[in-house]
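Now for the letters of each chain:
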Amino acid sequence: MHRSLEFVDRLVVAVAVNSSKAPLFTIDERVALIRAAVGSESRIEVRSFGGLLVDFAREVRASLLIRGLRAVSDFEYEYQMALMNRHLSPKLETIFMVPSLDTTYISASLVREVARYGGDVHDLVHPTVEQALKAKITPR
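Reference entry: report on the structure contained in this document. (Residues numbered from 1 in each chain as written. Predicted model: local features only at pLDDT ≥ 70, side-chain atom pairs only at ≥ 80, totals over all residues. Heavy atoms only, no water.)

1. Overview of the nonpolar core
It is characteristic of soluble globular proteins that their nonpolar side chains tend to be buried jointly. In this structure, Phe 25, Leu 33, Ile 106, Val 111, Ala 115, Val 121, Val 125, Val 129, Ala 132, Leu 133 and Ile 137 together form the largest nonpolar core, which totals 11 residues. If you list the elements that add at least two residues to this core, you get helix 4 (108–116) and helix 5 (127–136). For this core, the element with the most residues is helix 5, which contributes 3 residues. Beyond its immediate sequence surroundings of up to four residues, Phe 25 is in contact with Arg 30, Leu 33, Ala 132, Leu 133 and Lys 136. (Core = buried A, V, L, I, M, F, W, Y, C linked by side-chain atoms within 4.5 Å. Buried < 20%, exposed > 50% of the residue type's maximum accessible area, 1.4 Å probe, protein only. Helix = DSSP H or I, 4+ residues; strand = E, 2+ residues; numbered from the N terminus. Contact = heavy atoms within 4.5 Å.)

Given below as C-alpha cells:
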C-alpha cells in the first residue's frame, strides 16, 4: 500500500465481500485490521464493497487499479480480471506490482495454517493482525 503512494496522490484500498470464499475475519474486521496496519497515513482510505470492482472504482472516482502479483500463478487470473475490467470500464487502467523478495511467499491461507498450528507469524503480518489471529484461532 505504501509503495503504491509513489504512483498516486490518494489510495483507496478496496476490501471485497466475496461470497465464494470463507474468510477467517468478517468484512468489518478485515477493514479494521487494514486500517490499523495503515496507521496514520492520511492518503490511504480503506473501504469495503460488494459487487463489481469497476462500479466501486467509478463510485470513488478511481482511474487506476493497482493489483499485487505474488507469483506467476497469480498472473493468469489477474490478467483475465484486468481484461474484463477494461471491457466493462475502458478508461480504468490496471497496473501490477510485484512484492518485495521477503514477502513473495506469504499468502493469507499459509499464514492462517501456521497460526492454526500455533506457529510464529509475527514476521509475516502486522502486529495487530497477529493479535487478531491469536484471538480468533485456537491452535491445534
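2. Details of helix 1 (residues 27–38)
With 12 residues, helix 1 should reach 16 Å at 1.5 Å per residue; the first-to-last C-alpha distance of 17 Å fits that figure. Buried within helix 1 are the following residues: Val 31, Leu 33 and Val 38. For helix 1, the buried positions fall inside an angular range of 165 degrees around the axis, keeping them on one side. The inward-facing, buried residues of helix 1 abut strand 1 (11–16), strand 2 (44–49) and helix 5. (Expected span 1.5 Å × (residues − 1). Arc of directions from axis to C-beta.)

3. As for the pattern of salt bridges
For the structure shown, the criterion picks out 10 salt bridges. Of the charged contacts in the structure, one is a salt bridge between Lys 136 and Glu 29, with a shortest N-O distance of 3.0 Å. With Lys 136 in helix 5 and Glu 29 in helix 1, this pair connects stretches of sequence that are 107 residues apart. For Lys 136, a relative accessible area of 35% translates into the label partly exposed. Given the relative accessible area of 30%, Glu 29 is considered partly exposed. (Salt bridge = Lys/Arg side-chain N within 4 Å of Asp/Glu carboxyl O.)

4. Section: the packing of aromatic side chains
Scanning the model with the defined rule gives 3 aromatic pairs in all. Geometrically, the ring pair formed by Phe 49 and Phe 56 is stacked, given 4.9 Å between the ring centres and 20 degrees between the ring planes. Given a relative accessible area of 6%, Phe 56 falls into the buried group. Each member of the aromatic cluster is reached from another via a ring pair, and the members are Phe 75, Tyr 79 and Phe 96. (Phe/Tyr/Trp six-rings, centres within 6.5 Å; stacked < 30°, edge-to-face > 60°.)

5. Some details on the packing of helix 1 against helix 5
Across the interface, helix 1 lies against helix 5 with an axial gap of 9 Å and an inter-helix angle of 145 degrees. Contacts between helix 1 and helix 5 pair Glu 29, Leu 33 and Ala 36 from the former with Thr 128, Val 129, Ala 132 and Lys 136 from the latter. (Axes fitted to C-alpha atoms, helices over the stretch in contact; angles between N-to-C directions.)

6. Comments concerning the environment of Arg 116
Here Arg 116 is to be found in helix 4. For the pair Arg 116 and Lys 134, spaced 18 residues apart in sequence, the C-alpha to C-alpha distance is 8.8 Å.

7. Section: the side chain of Asn 85
Tracing the chain through its elements places Asn 85 in helix 3 (residues 72–88). Beyond its immediate stretch of four places on either side in the chain, Asn 85 contacts Leu 53, Val 54 and Leu 65.

8. Considerations on the environment of Met 81
Relative to the assigned elements, Met 81 resides in helix 3. Look at Met 81 and you get partly exposed, because its relative accessible area is 33%. With 13 residues separating them along the chain, Met 81 and Thr 94 place their C-alpha atoms 9.4 Å apart.

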